[in-house]
Amino acid sequence: MKRILFFYFIILCLNFFAQEESVKKETEIVKEEMPKEYDLRYIYNKGDVISYSLKVENRERLKVSGMDMGEKIRKTIINFSQKVEDVDENGNGIIKWKYLSGSYNDIKVDLGEKEATIKMNSKGEILESRGLEEMSLEFFKIIQKSISDYIPGFDRLPIKIDFSKFDSNEFNAYWESFRPVFPDRKLKIGDTWEKETILPMIFKKGRIIYTLKNFEENKAYISLSIGRRDIKVSGEIIFDIEKGKLIDQEFIIKAENIKEKVDFGQFTQYKEIGSYEISGTIITKVKLKEI
């Protein structure tokens with residue numbers, strides 16, 4: 001009798017452990033089936049310093065007032081640092097941007113060691129700024145050089161626009177467009193979000209569409225595109241979730257069959273420069289990378 005009872009006890013134990021193992025496996029399967037969510041946020045720590053290189057390559061085939069100007073290729077590189085001066089009670093970073101060096105078509109450009117201070121939230125939005133008008137002026141001087149390919153001597157003309165009269169915050173949206181802005185929610189692989197922005201170098205508004213493509217070794221891999229027929233944008237972003245910082249971003253802007261009338265005279269003291277009709281194709285490759 002004791003042997004029979006012991007035998008039944010063994011069977012009950014085996015059944016119990018089998019059921020426990022089955023429940024455990026079912027729980028693991030459910031966990032595997034549930035998509036993981038990721039919180040993409042910029043993280044600011046007082047004293048942190050990151051240096052970036054912004055590289056912009058332009059390839060253009062344009063007609064200016066009907067005259068074929070041939071293919072033009074130019075490359076601009078701007079290196080800058082950002083230092084977290086402080087972090088406020090809401091977790092916003094008070095960041096100082098500083099020009100380090102620059103070049104235009106491999107020729108060194110003096111950027112005047114300009115600095116700007118911005119307040120940026122964890123999503124990547126610039127809330128406030130000081131000094132962006134001066135940094136933007138240096139950037140505009142480089143654009144002047146590119147225009148001189150079509151209008152000889154344009155880069156030597158005095159600029160009519162007084163950047164010092166602009167409020168720094170008027171430039172926030174443009175500088176914000178060089179890096180991703182994240183939504184106020186957690187994301188799963190395949191999730192998308194959108195951001196209305198000003199396209200770098202094209203200076204046109206567009207709605208950037210971001211997609212979280214993959215996650216590997218604490219890094220989020222994100223694709224981006226734009227929903228416009230006249231302008232195509234495609235690119236990839238690598239973002240370190242653990243450290244809360246952008247590592248690499250590269251995208252290509254392709255504007256085909258553009259047709260614009262631009263009054264270059266409004267930018268200088270010489271009104272006789274006049275208006276020009278510009279048409280053709282512009283391909284711009286933008287790369288922002290930690291160095």
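Rules behind the numbers
- Residues numbered from 1 in each chain as written.
- Predicted model: local features only at pLDDT ≥ 70, side-chain atom pairs only at ≥ 80, totals over all residues.
- Heavy atoms only, no water.
- Salt bridge = Lys/Arg side-chain N within 4 Å of Asp/Glu carboxyl O.
- Buried < 20%, exposed > 50% of the residue type's maximum accessible area, 1.4 Å probe, protein only.
- Core = buried A, V, L, I, M, F, W, Y, C linked by side-chain atoms within 4.5 Å.
- Helix = DSSP H or I, 4+ residues; strand = E, 2+ residues; numbered from the N terminus.
- Contact = heavy atoms within 4.5 Å.
- Polar contact = N/O pair within 3.5 Å; in protein donor to acceptor, adjacent residues only side chain to side chain.
- pLDDT = per-residue confidence, 0-100.
- Pairing = 2+ DSSP bridges.

Asker: It is not clear to me how the pattern of salt bridges should be interpreted in this structure. Could you clarify?
Answerer: Overall, the coordinates contain 21 salt bridges when judged by the stated rule. Two residues, Arg61 and Asp68, come together in a salt bridge whose shortest N-O distance is 3.3 Å. Given a relative accessible area of 42%, Asp68 falls into the partly exposed group. Two residues, Arg207 and Glu196, come together in a salt bridge whose shortest N-O distance is 3.1 Å.

Asker: Help me understand the nonpolar core, please; the structure alone is not making it clear to me.
Answerer: Proteins that are soluble and globular tend to have nonpolar side chains buried together. In this structure, Leu40, Trp97, Leu132, Trp175, Trp193, Ile222 and Val233 are the most contacted members of the largest nonpolar core, which totals 62 residues. Tallying contributions element by element places helix α2 (residues 132–147) first for this core, with seven residues. Not counting residues up to four positions away in its chain, the partners in contact with Trp175 are Trp97, Tyr99, Ile126, Leu132, Met135, Ser136 and Phe139.

Asker: What is the right way to look at the environment of Asn172 in this model?
Answerer: With respect to the helices and strands, Asn172 occurs in helix α3 (residues 172–176). Classification of Asn172 by relative accessible area gives buried; the value is 7%. Placed 42 residues apart in sequence, Asn172 and Arg130 show a C-alpha to C-alpha distance of 9.7 Å. When near neighbours in sequence (up to four residues on either side) are disregarded, Asn172 contacts Ile126, Leu127, Glu128, Ser129 and Leu132. Within polar-contact distance, the side chain of Asn172 engages the side chain of Ser129 at 2.6 Å.

Asker: Got a minute to help me understand the confidence of the model for the chain in this structure?
Answerer: Detailed reading of the predicted model is not advised wherever pLDDT is low. Chain-level pLDDT for the chain is 84 on average; 81% of the residues reach the 70-or-more range. When pLDDT is averaged over each element of the chain, strand β7 (residues 126–130) comes out on top at 97 and helix α1 (residues 2–33) at the bottom at 53.

Asker: Explain the pairing of strand β13 (residues 245–263) to me, please; I cannot follow it from the model alone.
Answerer: Here strand β12 (residues 231–240) pairs with β13 via 10 bridges, running antiparallel. Paired with Ser234 across the strands is Ile252, a residue of β13. Two successive antiparallel strands, β12 and β13, enclose a turn made up of four residues, where Gly244 displays a positive phi of approximately 65°. Inspection of the sheet shows β13 paired to strand β14 (residues 275–290) by 14 bridges, in the antiparallel sense. In the sheet register, Lys261 faces β14, and the bridge partner there is Glu277.

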